[in-house]
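# A structural walkthrough
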Amino acid sequence: MTQTFSLRTTVDSDWREVRDLRLEMIRDMPTAYMESLDEALGRDEAEWRMRGRRGSAEHGIAVVAIDASGRWIGTMAGYVDPTVGALLVGVYVTPDYRGREAGVTDALLGAIETWARTEGDLLTLHVHQHNTRAIAAYQHRGFEATGESIPYNLDTTTNELEMVKSF
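Quick summary incoming for the structure in this document. (Residues numbered from 1 in each chain as written. Predicted model: local features only at pLDDT ≥ 70, side-chain atom pairs only at ≥ 80, totals over all residues. Heavy atoms only, no water.)

### What about the overall build of the chain?
Looking only at helices and strands, one finds 5 helices and 7 strands in the chain. For a compact globule of 167 residues, the expected C-alpha radius of gyration is about 15 Å, and the chain comes in at 15 Å, within 12% of that figure. Projecting the C-alpha coordinates of the chain onto the three principal axes gives extents of approximately 40 × 40 × 30 Å. Buried residues in the chain amount to 41% of all 167 residues. For the chain, the share of sequence-separated contacts (at least 6 apart) that also reach a separation of at least 24 residues comes to 62%. Of the roughly 8700 Å² of accessible surface on the chain, a fraction of 50% belongs to carbon and sulfur atoms. A gap of 4 Å separates the mean positions of the 17 positive and 26 negative side-chain charges of the chain. (Helix = DSSP H or I, 4+ residues; strand = E, 2+ residues; numbered from the N terminus. Rg over C-alpha atoms; globule rule 2.2 N^0.38 Å. Buried < 20%, exposed > 50% of the residue type's maximum accessible area, 1.4 Å probe, protein only. Contact = heavy atoms within 4.5 Å. Areas by Shrake-Rupley, 256 points an atom, 1.4 Å probe, with all protein chains shown as cover. Lys, Arg positive; Asp, Glu negative; His and termini not counted. Charge placed at Lys NZ, Arg CZ, Asp CG, Glu CD.)

### Comments concerning the sheet that holds strand β5 (residues 122-128)
Pairing in this open sheet of 7 strands is mixed, and the strands run β1-β2-β3-β4-β5-β7-β6 from one edge to the other. The sheet is open, and its two edges are formed by β1 (5-9) and β6 (144-152), each paired on a single side. Direction aside, neighbouring strands of the sheet carry axes that sit 25 degrees apart on average. Pairing geometry for β6 and strand β7 (residues 155-166), over 6 bridges, is antiparallel. Within β7, the residue paired with S149 across the bridge is L161. Seen against the sheet, helix α1 (residues 15-28) touches β2 (60-67), β3 (72-81) and β4 (85-93) and runs at an angle of roughly 80 degrees to β4. Seen against the sheet, helix α4 (residues 104-117) touches β1, β2, β3, β4, β5 and β7 and runs at an angle of roughly 25 degrees to β3. (Pairing = 2+ DSSP bridges. Axes fitted to C-alpha atoms, helices over the stretch in contact; angles between N-to-C directions.)

### A word on the nonpolar core
The biggest cluster of nonpolar side chains holds 26 residues, and the ones touching the most others in it are L88, V104, I112, L123, Y138 and F143. Those elements that place two or more of their residues in this core are β2, β3, β4, α4, β5 and α5 (132-140). A per-element tally of this core places α4 first, with 7 residues. Filtering out sequence-adjacent residues up to four positions away, V104 remains in contact with F5, A65, I73, V93 and Y97. Within the second largest apolar cluster, 13 residues are counted, among which are W15, L21, L23 and V64. (Core = buried A, V, L, I, M, F, W, Y, C linked by side-chain atoms within 4.5 Å.)

### Brief notes about α4
Along an α-helix, residues three or four apart share an orientation, since each turn contains 3.6 residues. Under the 1.5 Å per step criterion, the end-to-end length of α4 is 20 Å for 14 residues, consistent within 8% with the ideal 20 Å. Within α4, burial applies to V104, T105, A107, L108, L109, I112, E113, W115 and A116. Turning to α4, the residues buried within the fold contact β1, β2, β3, β4, β5 and β7. (Expected span 1.5 Å × (residues − 1).)

### Observations concerning the packing of aromatic side chains
Here the structure, examined in full by the defined rule, presents 1 aromatic pair. Between Y138 and F143 the ring centres are 5.6 Å apart and the planes differ by 70 degrees, which places this aromatic pair in the edge-to-face class. (Phe/Tyr/Trp six-rings, centres within 6.5 Å; stacked < 30°, edge-to-face > 60°.)

### So, the environment of R19
By the secondary structure assignment, R19 is in helix α1. Note on R19: relative accessible area 25%, which makes it partly exposed.

Following this line, the structure appears as structure tokens:
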């Protein structure tokens, strides 16, 4: 399939698009993120601008995929966590662009992995235990479960599973 999208890092002035995509993400998969829809809806412009600046953060990155019409169709971000190193967060691809043929997930992940290699030799992520589609996608892309888990902050009766990919 011909790539019909572009990638770039986010900036402060992207705050409206960052907000709109985040709200789409949470509505589509409420258990995949560490904030509720109500929390996200309550964020002010300053918060969304800060999230936009993550694209150029020291020891961090936020990448977005944009289709030919200008629609934001996916995002991934990373930052260096003091305990695990490079951490993949905020993973989302809009339903119309999911799947290997579309190439959005692989392109976004490639950008994050390029960044992560500058921070160390390991990329870590946490995925909700019930998100079997995401777990399978990560495994297919070389991530392995560590056996570690942490309680999911929005429902502590469930867990986030830790997965890692070595470079």
